[in-house]
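Tertiary structure, described
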Amino acid sequence: MRINFTQNVGRGRLYRMLPVCLLMLCFLNAAAQQLISGRITDPSLGNGLQGVNVQVKGTTAATMSDAEGNYTIEAKPGDILEFSLAGYTMQEMPVGNSTRIDVGLEEDISSLAALLDVVLVGYGELKRIDLSSAQSSIDVDAINYTFNTTIEQALQGRAAGVYVTQNSGQPGGSVSVNIRGINSVNGSNEPLYVIDGVQIAPGTVPFGATSSADPLAGINPADIDNIEVLQGPSATAIYGSRGTNGVILITTKRGKAGEVKVHYGFQYGLQNTPKQLPVLNLREYAQLRLDQNAMDGIASPVAFQDPAALGTGTNWQKELYKTAPLMKHQLSLSGGREETTFYLSGEYLNQNGIITGSGFDRGSLRLNIDNQTRKWLKLGATLNVSQTDDKLTATNENVVLNALRIAPNVAVKNLDGSWGGADAINEDNVQFTPPNPVAISNLIQNKYRRRQMLGGVNADIDLGKGFTFTTSVNGNFGTGNSVYFMPMYTLGEQTNEVASLTSTDVTSTYWNWNQLLKYTRNFGVHELSIMASHEAQVAQAKTLSGTRVGFVTSNVLDLNVGDSGASTNDSHQSVWAMESYFSRVNYIFNKKYLVQLAMRADGSSNFGAGNRWGIFPSGSAAWRISEEPFMKSIPTISELKLRAEAGVTGNQGNGGTYTPMSPVSSPWGSGFITSQYGNNTLKWEQTTTYNVGFNLGLLSDRIHIEGDFYIKKTNNLLMTNPIPDYMGTTGNGSIIAPTENISALENRGYSFTVNTVNMDQQGFTWKTGFNISGFRTKITKLYSNSAIVDRVSWYMNNFTQRAVVGQSPWQFYGYQEEGIFQSVADINASAVPLGTDGNRLPAATNGVWVGDTKFKDVNGDGVINEKDRTFIGNPFPKFFFGMTNTFTYKGFDLNVFITGSYGNDIYNYARYAGSNQANVNLGLNVFREDLNYARIGTDTEGNPYVENAGTNIPRLSTNANGNNIRITNRFVEDGSYVRLKNVQLGYTIPKALIARQRFVNDIHVAIGAQNLATLTHYKGYDPEVGAYVGSNVAAGNQAIGVDYGRYPLTPVYTFSIQVEL
Amino acid sequence: MKKIYMTCRSVAVLLLGFIVISCQESFLDREPLDTVTNEDFYQTSEQVLAATAPLYNIVWYDYNTSASYGIGDARGGAMTSIANQMDNILFRTNGATEENSNAWHSLFNVIGQANAVINDIATYTSASVPESTKQYATAEARFMRGLAYSYLVQNWGAVPIITNNAALLQDTSITRNTVETVWEFVIRDIRYAAKTLPTAAAAEGRLTKYAAQGMLAKMFLTRAGISGTRSESDLDSAAYYAKQVINNSGATLLTDYEELFKMKNNNNSEGLVALQWIYNGTWGTQNSVQSYLAYSSDITSFSDGWGGDLGASYYLLEKYVSNDKRRKATFMYPGDHYSYIHQKTKNAAGDDIVQELHVPQNNGSNSTRAWIKKYVVGRPEDNDGKVLYQRTGINTYMLRLADVYLVYAEAILGTQSSTSDGEALKYFNAVRLRAGLTAVTSITWDDIFEERALEFAMEGQLWYDFVRLHYYDPEKAYTMLSNQERGYYTITPVYRNGDAQTYPDPIDWTVAVTLSQKITASASNFIIPIPTTELERAPNLKKEPVPYVFD
């Protein structure tokens, strides 16, 4: 960026400066008083306490202690100072003639006392009681009870309004995080993460080999000090165009002055295998094959003719899964002198997967330094360097589904030790038999190594008179290398004779420079804080990939070893830049009435010159009713606050103003093709949110309840217009439809959080945290009322999820079953498919017969065809919740964490795929439930009937009717679940026992179990399905809530030890 | 007072500070880094021609990959299966059939890209680009657009004519145009190309005047019947343009039919219009049909070759006389030997070996297949390495001289029951003689139809030959289709002296139907339903078609 020192202030700039001009308010100046300073410490530890509220009793004059516990306040000699901090007993000190008052605050473990916490908000911090917008804090201590490979995993069930699903159970696998509903139809719904000031917005899923990796994998969860989830419009709108999907603020640990603390933690765990799903064993498989072949009138292979003589064959699930270890070392040092403090930590995490070809490794190093350079200047730096290694074969090659589908007669390994595979016993149909999943997960190498450097420096300048100026430069630099190697292999009759290697390098850079001016001052009963800021940020990414074939060795994975003659390569680059001006005013009157007004102006390079700037205003107000005199008479109510807020957030999308020409190969050199229609009128997407909420504290805050209700209306939704195919906008060589601002959608929802101290006596405490939330998304407008946005998974028999106006997006689309035909009369009275002659299929064994599936004639035309498809399920839950119970007694602590989801549907594609009995002829297994296929008998009057009445599995047939082939509601299952996510029992070794030596201060040991039990009706492995991240995924076309054979989450048993030196 | 002044002054200073650190206006100007934009393109002749080059491959990819033979051969009755392409084979192509939507959107992609080029050339071309280049590129685009519309009108009947997509993107009122006006649009586009294009191509494989004339002849021949009786003037035009090509183009038939379908013979003397694929190019610029048609990965060397279930229909097989050289170039019979394609197999000791292809006996459970050979080029080593997974570089013929010969014969025959016209016989017999058959002295419509079926099997043609017939004699088309045997059969080699061991190369084959399967054709089969999702999102397509108003 070039800095322009000379440019005059133009008209355009003036209105952007408007928020800053709020500062032009000139302030009343308070009368001079005696200046008092001092330091507040925790006597048990000796360290300074940060964020202690120091207040002149009976007035609103107050200040906060800094990181070292120092404070300064003006007061009169007759005043009394109140020192309060969450978790500590409040203390009062008379001022007298002192100018220095040092205080030691005793820890108060009997109260939640969280209200006086200072919490992070966008570009600043506030006391929790002064919040007027909806935001939830995540209890970082509670997170540490669970084993989290990546930070998003830690969010699940911890905060109301945050819906988290793990897309793949593979170690380090990607996670979907939705805050307050679905905000985009074909863009990303992931929130903005702000990690120590670095803004990271995970985009849409990357295509291909790395689609199941997690973009935030480089962050060590153990370094996290605080997580705040900004949800309300007044809180998120300060991030303007980046805040629509919610904002997750993360700060990492920083050092405190005092003796250097050394902390070492070690965790070891064993990941269990999942409970096996019921598929046929070899005997059952052979029998079904005999039955099917008898029905078809063809001979069965000799090998299957005597099922009783066969064993149970290969148990593919047993072969695929194996118990796998995980472990993590974490070492941190923190401390420093008064003027310089640091936090240094290093981590090594190694998690093997329960399937070969999955796994995750991370090494990371963090250094956070703070320095009080001058009395008026404070410098800080953060640096995080990490390397992660993902193994992505298992998810990418779909081995879970293949293990469920491959026939039990195929051997994992042959007698000679070579890999087994479909062979001649399946005759000419080997092409339909899945490749040996155990072999594939061993043979194909899909590795993804990322290195990331994330950090920044900042300077705080105290300008005096309540003014502070902060400037910070933050950056995120990352490289990624994906290596996908397909070796030569022979799996029975399936072979790959040419080895190929694709190597892809990605480099991404992001920087952000912010300058922020803050003014904070209290005037009697008025508390005022004003902030104004300017920010510039640029993100760039570059991808280079190459492929060669003809590798003769699997030992060296480098393109250089391949055949240079047959090589392909590709590269891409992208960039966006944004400049912003924003300002916020917080005003509190008499501690009762809280007002926050904010405005942000964002200019984005993704729009044409005339539409670049978007204005995002917001405002909130809160009334602390509990501070009113008439409420003081109700002692049970310790806190009652009503909040109302409204605000606008935006989305800059991914560009689309230009009409790009992309190169495509031709015999005459590069040809150029129009790749997307440009739209030079493109402008900001706008989401207007209204939110009302309350905070209620009862019984000295032993019970704290927080509730919020919101409506989010998104207009000018940035999306690729779902125009008809006749515009030439679908498939290879198409011109992608333009990005338009035509559509709109709406989210309505609620969230509740309840925190209670159930018991706190005789050293026994029991605390509960519970949160529950729900949302409903509705598309309110597309470019035409008949417009349809489909997500079609061609790799899953064209499974379709559809979004239309007036409905929740991405509902499953398919046929409805109405049982099976019970009699010929039933057939004749029902709609059936048409035959090749255009007439109804006859009621006959080679047409539609008793025992065939009866599909619902949705459009009532008497014919079953694709026009009878309808909405058959919704992947989004009605509500979801999380509950933590923490018990402590003496040195023991027990933490029990439960998560759940209710009312979401899952399309069990794995069960659908394994439902067609005829597939046994193709080397494909089926689920055991299919043995209960309709047996057709003939009654005394010669009429056919279903012998095993009540079954809904159709008969064996030549399948003119389309039994088991159509996508139907039979495979839509209730995805509700309650999961015992984590149980951990810990013990702190009594000080007395370790007092004799001088090396170790503290030892905590714990055993835990994660994903221990799940209550659900879902028939697959795991009801937590998330979004599809297999090899065929494309951005904006991810199947959601479809179990395609998702890598399941399984129980993990952990042991951990934490030692403090 | 002074304090307030001081405060205001410091605020003013800080405000100034913000202004100073503001970014330059150009900070937010970020053009795409990895693509050029249409406004900056079209500055040189090379760029203008680069914009029409993709019209020869990627835009046709989705049609070529499954629909060309799914509609052209499976619907037409030349290809059969028991598992793949069943909607087309069993004549129940519907609104959800994959090949239907693939063809629909792919053909409209051709049109969309052609329109973009035509309009962008008119809008953005630099003045330094010669007019002749602009005309050449425009003619190429109009040719491709016309060709795409010809497939659309033959499959779906009335379809919307769109000439400026960019202007109509938001238009929800688009309706279909009548079959007559779509055909008129096709003729105008291709006639423009025939008039405008020079006799020499801008580069090998690009269009020439003769390519356009040949296609125009075929278009006239087909359009001749749309009123229900064949238009003499259209037939005359067909004969005229065909003769122009025959006399002037310099194109000649390849001596050996089998040579037509080798990658090394791309852009040979017989080809007039061909899609130009690149085996290792951008995805979508390669020919992927081998993956779908080859009977096994044994002959592709990659894990593709999914065509084990596909084969010639019995209907077609019984038309081949045993000395027809086209059979082996089109379909593989068990025991056939191809020296230029290799297969992976096991030797007597059970070790993997790669050898010249000896087509194995296909021991399917209740039928065998005459596997597909045409456009199956084999393994990398058979093609100078130019084969990858799902990728070959063999061009797809859209028009070759043999087609123009037969179009000419059919145009000359016209509405007569037979002809002995010397010129018609000359070119008709040229096709037969090349195939190893004997010359005839008189030809009927049925002779030409049969000849076309054998000559162009697996080139996606047969269905369109039925469409041409159906325009003016629907009953005959229904009868012919309904009599086609599309069922299962077994094909058994006959060895010399009955001895497969000593004389491994079969001398003949016996083909026997094991399960008869016939379809009932009717008028509704000649209008493929518009893909259901398309109809749902564009309900105006259900309205009665209106005539297209030409400028």
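Look up a bit, the structure's there.
Read on for an overview of the structure. (Residues numbered from 1 in each chain as written. Chains lettered and ligands numbered in written order. Predicted model: local features only at pLDDT ≥ 70, side-chain atom pairs only at ≥ 80, totals over all residues. Heavy atoms only, no water.)

Digging into the overall build of chain B
Scanning chain B from terminus to terminus reveals 19 helices and 15 strands. Seen along its three principal axes, the alpha-carbon backbone of chain B occupies a region of about 120 × 65 × 45 Å. The 551 residues of chain B split such that 62% are buried. If you sum the accessible surface of chain B, you get close to 19,200 Å²; carbon and sulfur atoms cover 51% of it. Charged side chains of chain B number 47 positive and 60 negative; the gap between the two group centres comes to 3 Å. (Helix = DSSP H or I, 4+ residues; strand = E, 2+ residues; numbered from the N terminus. Buried < 20%, exposed > 50% of the residue type's maximum accessible area, 1.4 Å probe, protein only. Areas by Shrake-Rupley, 256 points an atom, 1.4 Å probe, with all protein chains shown as cover. Lys, Arg positive; Asp, Glu negative; His and termini not counted. Charge placed at Lys NZ, Arg CZ, Asp CG, Glu CD.)

Quick look at the pairing of strand β36 (residues 739-761) of chain A
Within a regular strand, the side chains alternate between the two sheet faces. Residue and element names in this part refer to chain A. As paired elements, strand β35 (residues 703-720) and β36 share 15 bridges and run antiparallel to each other. Counted as the bridge partner of Leu717 is Ser743 from β36. Where β36 hands over to strand β37 (residues 764-781), the hairpin turn is made up of 2 residues, of which Gln762 adopts a positive phi near 50°. (Pairing = 2+ DSSP bridges.)

What about empty space enclosed by the protein?
Scanning the model with the defined rule gives 17 cavities of 30 Å³ or more in all. Taken as a whole, the largest cavity spans an internal volume of roughly 290 Å³. Lining the largest cavity we find 27 residues, and of these Gln153, Gln166, Gln1010, Asn1011 and Leu1049 of chain A sit closest to its centre. At the level of elements, α3 (151-155) and β51 (1002-1016) of chain A are the ones that each hand at least two residues to the lining of the largest cavity. A class-by-class count of the residues in the lining of the largest cavity yields 10 nonpolar, 15 polar and 2 charged. Within this model, the second largest cavity holds a volume of roughly 190 Å³. The wall of the second largest cavity is formed by 20 residues, among which Asn64, Ser68, Thr396, Glu459 and Gly460 of chain B lie closest to the centre. When residues of the lining of the second largest cavity are traced back to their parent elements, those giving at least two are α3 (61-75), α11 (289-293) and β11 (396-400) of chain B. Among the elements that line the lining of the second largest cavity, the one with the most residues is α3 of chain B, at 5 residues. Partitioning the lining of the second largest cavity into residue classes produces 12 nonpolar, 6 polar and 2 charged. (1 Å grid on protein atoms, 1.4 Å probe; cavity = no way out; pocket = protein on both sides within 12 Å on 5 of 7 lines; lining within 4 Å. Points joined across faces, edges and corners; volume = space filled by probe spheres on them. Nonpolar A, V, L, I, M, F, W, Y, C, P; charged D, E, K, R; others polar.)

Some remarks on the sheet that holds strand β32 (residues 660-664) of chain A
What the 3 strands build is an open sheet, ordered β33(A)-β32(A)-β1(B); its pairing is antiparallel. The sheet is open, and its two borders are formed by β33 (671-674) of chain A together with β1 (36-37) of chain B, each paired with just one other strand. Relative to β1 of chain B, β32 of chain A is paired through 2 bridges, and the arrangement is antiparallel. Bridging across to β1 of chain B, Pro660 of chain A finds its partner in Thr37 of chain B.

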